Amino acid sequence: MEWLRGVRWSGVRSFLASLLVAFSLMSVPVAAHTEEQLHEHGRSGTDAGVGDAATVGLSERLGEKIPLDLTFRDETGSPVRLKDLVTVPTIILPVYYSCTNVCNFLQGGLASVLPEVRRKPGEEYRVISVSFDETETPALAGRYKRTYLNSMNAPFPEDGWRFLTGEPENIRRLTDAAGFRFERRGRDFIHPVASIIVTRDGTIVRYLYGTTFLPKDLTLALLEARDGKVGTTIRKMVGYCFTFDPKSKTYVFNLLRVSATIVIICTGAFLAFLFLTGKKRLGPPRGNHGTD
């Protein structure tokens, strides 16, 4: 019995020590993976400082809606309303197709990871590239659509990624609603580099910055958009394990939080094991049987 008590309390002390270490680590900042953010560029890679901050930039409009009554032309030249396209969580890419710099990198970067996104394109999400250059034509949009779909080297439905062009007033209404400000410089544009995630009713729930993507970022953002939750992950487990870092503009795995939870669960399980096995080994109390 004394031996069992020694084993039980030594094990408890060991696990409690591990638990204290885990909690102490939770106060230590962890360096998250970040990438160099691209914000405002023209075709020739113009930096953000060139444009007027009042006319070029991005003001996040989280929780606000884009106007779905706008009409554009798709890659076949047919008129189409945003309302008929934004029927599922949607990734909107404000670009111009003749850009030879970041717009190509943005769409190419997305095309490279879409096959890894664990959602069904066209059914559970859609991508829409919208040109903010009113002079571009549906024929040009169609040519770039074929380029990016072919670059995936994987089946992707035609309806899963649409390429639109439009009139200046409709372009401005869309970009203004999204907080996306750009400026023409000759044949080029100064503009932010960002993707906008919206729900099926057009509510903006997330912005993703830069020209490279992680499948988990896209998947989690689409899960947010699916349930219309702005700025926070929608599933308790996902929200517990991942946090959106506004500085790096990506989802970060909460390693310390998850590790501490595992330690707590293991501690509880170990204490329960010791308690139950201790009772089983000790057995019922025995009475004293003396003789007269």
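Use the structure listed above.
Residues numbered from 1 in each chain as written. Predicted model: local features only at pLDDT ≥ 70, side-chain atom pairs only at ≥ 80, totals over all residues. Heavy atoms only, no water.

Enquirer: Quick one: what's the story with the packing of aromatic side chains, residue by residue and with numbers?
Expert: Aromatic ring pairs are described here by two measures, namely the spacing of the ring centres and the angle between the planes. Following the criterion strictly, the structure yields 13 aromatic pairs and no others. With centroids separated by 5.7 Å and ring planes inclined at 40°, the aromatic side chains of Phe 132 and Phe 180 adopt a geometry described as tilted. Highlighted residues: Phe 132 in the loop between strand 6 (126-131) and helix 4 (138-151) and Phe 180 in strand 8 (residues 180-181), separated in sequence by 48 residues. For Phe 132, a relative accessible area of 1% gives the class buried. Given a relative accessible area of 1%, Phe 180 falls into the buried group. By way of ring pairs, the aromatic residues Tyr 96, Phe 132, Phe 180, Phe 182 and Phe 189 are connected into one cluster. Above the plane of the ring of Phe 182 lies Arg 172, whose end atom (NZ or CZ) is 4.1 Å from the centre. (Phe/Tyr/Trp six-rings, centres within 6.5 Å; stacked < 30°, edge-to-face > 60°. Helix = DSSP H or I, 4+ residues; strand = E, 2+ residues; numbered from the N terminus. Buried < 20%, exposed > 50% of the residue type's maximum accessible area, 1.4 Å probe, protein only. Lys NZ or Arg CZ within 6 Å of the ring centre and 35° of its normal.)

Enquirer: Provide a residue-level description of the side chain of Arg 119, including the pertinent values.
Expert: Topologically, Arg 119 is positioned in the loop between helix 3 (102-113) and strand 6. With near-sequence residues (within four places) excluded, Arg 119 lies in contact with Glu 124, Tyr 125, Leu 222, Leu 223 and Arg 226. (Contact = heavy atoms within 4.5 Å.)

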